[in-house]
Amino acid sequence: MGDWFVNAFEKLLGVFIALFVCVLFGAALLTLPKGDQGIVLSMSVLILGGIGIIIFGGMAYLAIGMYRRTERIAQMMRDMQEK
């Protein structure tokens with residue numbers, strides 16, 4: 001049952017990251033027609049937003065990985081106790 005929640009969270013996280021990327025490109029397009037500095041502003045939105053998405057997604061996937069690693073270690077410890 002707990003593994004189902006982790007798998008569902010991982011899929012939901014992928015959907016959220018894809019949604020964040022779409023919103024990021026939309027925000028970059030909205031900042032584009034702001035006069036002479038539109039390109040610079042749009043590129044800064046893309047770069048800083050991309051860094052934010054990478055940090056958010058990386059930390060979330062890292063947490064999932066730590067959970068799975070802990071689960072494997074606990075299973076190995078149980079197997080060692082049975083021997």
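Structural data are supplied above this passage.
Below, the structure is looked at part by part.

Each value, and the rule that gives it
- Residues numbered from 1 in each chain as written.
- Predicted model: local features only at pLDDT ≥ 70, side-chain atom pairs only at ≥ 80, totals over all residues.
- Heavy atoms only, no water.
- Helix = DSSP H or I, 4+ residues; strand = E, 2+ residues; numbered from the N terminus.
- Rg over C-alpha atoms; globule rule 2.2 N^0.38 Å.
- Buried < 20%, exposed > 50% of the residue type's maximum accessible area, 1.4 Å probe, protein only.
- Phe/Tyr/Trp six-rings, centres within 6.5 Å; stacked < 30°, edge-to-face > 60°.
- Patch = residues over 30% accessible without salt bridge, like charges linked within 9 Å, V, L, I, M, F, W, Y side chains within 5 Å.
- Areas by Shrake-Rupley, 256 points an atom, 1.4 Å probe, with all protein chains shown as cover.
- Salt bridge = Lys/Arg side-chain N within 4 Å of Asp/Glu carboxyl O.
- Core = buried A, V, L, I, M, F, W, Y, C linked by side-chain atoms within 4.5 Å.
- Contact = heavy atoms within 4.5 Å.

Section: the overall build of the chain
- Secondary structure assignment for the chain yields two helices and zero strands.
- In terms of C-alpha radius of gyration, the chain reaches 20 Å, well past the compact-globule figure of 12 Å for 83 residues.
- Dimensions of the chain, computed from the C-alpha atoms along their principal axes, are close to 70 × 20 × 10 Å.
- A burial count over the chain gives 16% of its 83 residues as buried.

Quick word on the packing of aromatic side chains
- Counted by the stated rule, this structure contains three aromatic pairs.
- With centroids separated by 5.1 Å and ring planes inclined at 75°, the aromatic side chains of Trp4 and Phe5 adopt a geometry described as edge-to-face.
- On the basis of relative accessible area, Phe5 is assigned to the partly exposed category, the value being 47%.
- Among the aromatic residues, those joined into a cluster by ring pairs are Phe16, Phe20 and Phe56.

A word on a nonpolar patch on the surface
- Judged by side-chain polarity, Leu29, Leu32, Ile39, Met43, Ile47, Leu48, Ile51, Ile55 and Met59 come together as a nonpolar surface patch covering roughly 920 Å² of accessible area.
- Of all the elements, helix α2 (residues 38-82) adds the most residues to the nonpolar patch, at seven residues.
- Mapped onto the fold, Ile55 is located in helix α2.

What about the nonpolar core?
- Residues Val6, Leu13, Ile17, Leu24, Ile53, Ala60 and Ile64 constitute the largest nonpolar core, which totals seven residues.
- Listed by contribution, the elements that provide at least two residues to this core are α1 (2-31) and α2.
- For Val6, the residues in contact, after removing those within four places along its chain, are Ile64, Tyr67 and Arg68.

Here we look at the side chain of Ser42
- Relative to the assigned elements, Ser42 resides in helix α2.
- Exposure remark for Ser42: the relative accessible area of 7% places this residue in the buried category.
- Among all residues touching Ser42, those that are not within four sequence positions of it are Ala28, Thr31 and Leu32.

Quick look at the pattern of salt bridges
- Counted by the stated rule, this structure contains one salt bridge.
- Across the pair Glu10 and Arg68 runs a salt bridge whose closest N-O atoms are separated by 2.9 Å. Taken together, the residues Glu10 in helix α1 and Arg68 in helix α2 connect sequence positions 58 residues apart.
- Residue class for Glu10 comes out partly exposed when judged on its relative accessible area of 29%.
- Judged by relative accessible area, which is 25%, Arg68 ranks as partly exposed.

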